[in-house]
Amino acid sequence: MTSTVINSAYDTSGNGGRKLVRLNSGVLVCGVYDSTNTKNRFYKSSDSGQTWIAIGNVLSGSPTAGFALVTNGTDVFVAYAYGNGAIKYLKLNLSSSDIALDSSAINIDITQTSAQSISMVVNSAGTELHLAVSTKNSTYPNSFNIRHAKGTIDGSGNVTWGSVEQLTLENSSGYDYKNPCIIIRSNGYPSVIFQYTSSSAKAIRARHKNANGWSDSPSGPSNWLDQVIYSGGSSYDQSNPCAVVDGNGLIHVVWHGKDATDSSRDNTRYSKSTDGGATWSAAVKLTSGNTEDNRWASISVNKENNLYVYFSGAISTGTTWNIKRTNYNGSIWAAVETLTNNTGGLDAWNPSLLDAKTLSFTDAPVIYSDKATSSVKFRGTLNQNPTLTLTSPADNLVLAEGSTLQIGGSATDSDNGNVVTIKYRINGGTIRNIASGVSDGSTPLSFARDLRYSGKRMWDGAVDVAGADLAENTDHTLAVWAEDDKGGKSAEVTRKFRVVWNRPPTISDENRDLGIMEAPPSVTYTVTEPEGNAFTVAEKINGQVIRTFAGVAGQQETITIPHELWIRLEPGVQHALTIEASDDQGMMSTRTYTLTRFVDKIVFSMDYATMSPETKDFFTTDVAAKRLLLTPSWDLPPGAVLQVEVCNNAYDEDPSWEDATIVVKLNRAHLFANETKTATEWGINFRIRIEQGSATQPVYLKGIGGAFD
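Along each chain, the written sequence defines residue order, and numbers are assigned to residues from 1. Given that this is a predicted model, residues contribute local features only at a pLDDT of at least 70 and side-chain atom pairs are listed and counted only at 80 or more, while totals for whole chains, interfaces and linings are drawn from all residues. In computing side-chain properties, one takes all heavy atoms of the structure into account and sets aside hydrogens as well as water.

Undergrad: Is there a simple way to explain the packing of aromatic side chains in this structure?
TA: Any pair of aromatic rings gets described here by the distance separating the centres and the angle formed by the planes. Stacked, edge-to-face and tilted labels apply to pairs of Phe, Tyr and Trp rings (six-membered ring for Trp) whose centres lie within 6.5 Å, assigned for plane angles under 30 degrees, over 60, and everything in between, in that order. Following the criterion strictly, the structure yields 12 aromatic pairs and no others. Ring centres of Y270 and W333 lie 5.0 Å apart, and the angle between their planes is 70 degrees; this geometry places the pair in the edge-to-face category. A residue pair is termed long-range when its members are at least 10 positions apart, and Y270 in strand β21 (residues 267–273) and W333 in the loop between β25 (321–328) and β26 (337–338) qualify at 63 residues. An aromatic cluster is present here, built from F77, Y89 and W161 joined pairwise through their rings. Helix numbers and strand numbers start at the N terminus; a helix is a DSSP run of H or I with at least 4 residues, a strand a run of E with at least 2.

Undergrad: Is there a simple way to think about the sheet that holds strand β36 (residues 457–460) in this case?
TA: Within a beta sheet, neighbouring strands are joined by backbone hydrogen bonds and run either parallel or antiparallel to one another. Pairs of strands are assigned from DSSP output, requiring at least two bridges between the strands. Strand order in the open sheet formed by 5 strands is β30-β32-β35-β36-β37, with antiparallel pairing between adjacent strands. On the outer flanks of this sheet lie β30 (387–392) and β37 (463–464), each paired with one strand and no other. Where strand β32 (residues 404–412) lies against strand β35 (residues 445–454), 8 bridges are found, and the strand directions are antiparallel. Considered in β35, the bridge of I407 is made with R449.

Undergrad: Could you clarify how one ought to interpret the state of the cysteines in this entry?
TA: Two cysteines, two sulfur atoms, one covalent bond between them: this is a disulfide. Whenever a pair of cysteine sulfur atoms sits within 2.5 Å, that pair is classed as a disulfide. Within this structure, the stated rule accounts for 0 disulfides. Take C30: it sits in no disulfide, and the sulfur closest to it among the cysteines is that of C242, at 16 Å. Only protein chains enter the calculation, and the probe is 1.4 Å; a residue is then buried if its accessible area is under 20% of its type maximum, exposed if over 50%, and partly exposed in between. Note on C30: relative accessible area 0%, which makes it buried.

Undergrad: For this particular structure, what's the right way to read the pairing of strand β47 (residues 574–583)?
TA: The two faces of a sheet get side chains in turn, since along a regular strand they alternate between them. The element β47 is largely enclosed, with a buried count of 7 among its 10 residues. Note that strand β44 (residues 535–541) and β47 share 7 bridges and pair antiparallel. Across the sheet, A538 pairs through a bridge with E580, a residue of β47. One ladder, built from 9 bridges, connects β47 with strand β48 (residues 588–597); its direction is antiparallel. What sits directly across from L577, in β48, is Y593. Where β47 hands over to β48, the hairpin turn is made up of 4 residues, of which G586 adopts a positive phi near 90 degrees.

Treat this as a map of the structure, not an account of what it does.
Here it is in structure tokens:
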């Protein structure tokens, strides 16, 4: 695919062949130099390079030095030369239109008198920027030298710059260090690769920073180490290095230059280091011969560690330049291919490749200046990021023991044939896969996974996915996203959730009023324990314990009020019958029933079947009793209905009950009429029944005394 970035043939050279970057979101950002207005201009594409919009510009008084453009995947950083040699920095506002951004720039270095070129790189963690610039200053006014600065990126994308280091110390006219290209080696330390020119030596060289260092160059600062990658001797210039570090840590560098064999034309050359820059392979000419010039090479590497080199080629100096390329698949370099067909001096030149070793591509993304169409062109085929829709879980769920966190949704990848994997993690922990599938370019790939919360941990089957106890009263984060096998990644979708470590036991039924009752209630219930902890049950009436026992989860129990407690409950007022279940972790739940004891009669009698032998002795007689005097203590308001019955053969299966109501009310003795029994013994018993009747005042039976003979 080829598209137009801007309909002006702006300059795309410089920055070590790096003026095109890609964010994790898939947004592309590029920068070019507008020589007419002396501005560095920036553009972005949100559709993999199909369309572009302007997002800002900065003035530049040093067009040769240009600017450097890098990204940490989230933010885009720009360093540029301004005026005679001041080095400035800013973070691009990607949502802005084409506005001047100079007011947001800060100074990195204002002590230079001239700037020749600039390069910048970000480390793999996205926490450091390293800047290399070729400048002159009042200390070394006769030579261009290399200077280095390090910036620290905070979590908000803001950069704090440290002091600038002077890496080379040349000060002789005609002796220069130019066109630096800075990289970060696999050990995390930077290297600067540059061209060196003097009357006696013309070379591509590198300086590497290391914690302990190698043997340092005699004139260089401590810990910066000097290596010659290729020397053209005293006669053959070597220019414009561009370097990249692949996924295995190998350093690859390309540049252009002449040699004794091809002394009249520049050829694109290549070398690599497999030991972090300590040694370099013999240079390989990717083009050959004195038939055309090949310059301004840019190199990139993809996810599969295949190398791509794009450069400008012309039959001879002064003829039309075109974009050409070759690639290396790990064993051989492909034949050089011409990508443009410009003629008549309408050049296509200065390619700047995307350095994106996490992506798969075969048509490497590149921008270049095209005079034939008076534009800056983008060319390349980029993998589209998948997209993800998360339908569950809901946000801010609260999970208790045994709860399920259901992860569900779908992912879509517009690239047919991509393998898409849905991934998740808890609280930024270990990344785990949910599902994967092959995209047909349009059909969503559904996914579902149930996580289970138990024992303070989150489980995916038998796997502890959180790896630690999940704290209570704290927001935890589930992140879900999709990745394809070409390095594309969707935005992460997050959900917050909280957990409850322990819940109280659960008592069946619900709090309710049992109403007005004439007899003790009898209510059945069960208790369950969500976490399976041991628990104890206490049954109470008005706070007084009826019974306590060790609970059995799910077992039916019955709560009632014993007779001796029931008859003591004051009638006409509400009472509380409660069940309390407490687990061994200190959690308790309560079920409460309210009730009102209703009494419209008082019935009192002695049950000979259950009386103790001692009590029976008081009422057993040797012969049939003749008289019985009962002296109750009571309050009988008008309208109350009284019945008193007595017997002298209480042990009989069917005693002979005689009415004694009148004589008791008159406080006289009752004369028994009965003279027979069927039991072996004689015994006295009595029973009293008082009904409220029409009485409007309370009725009380406080006690009974008496005598018999």
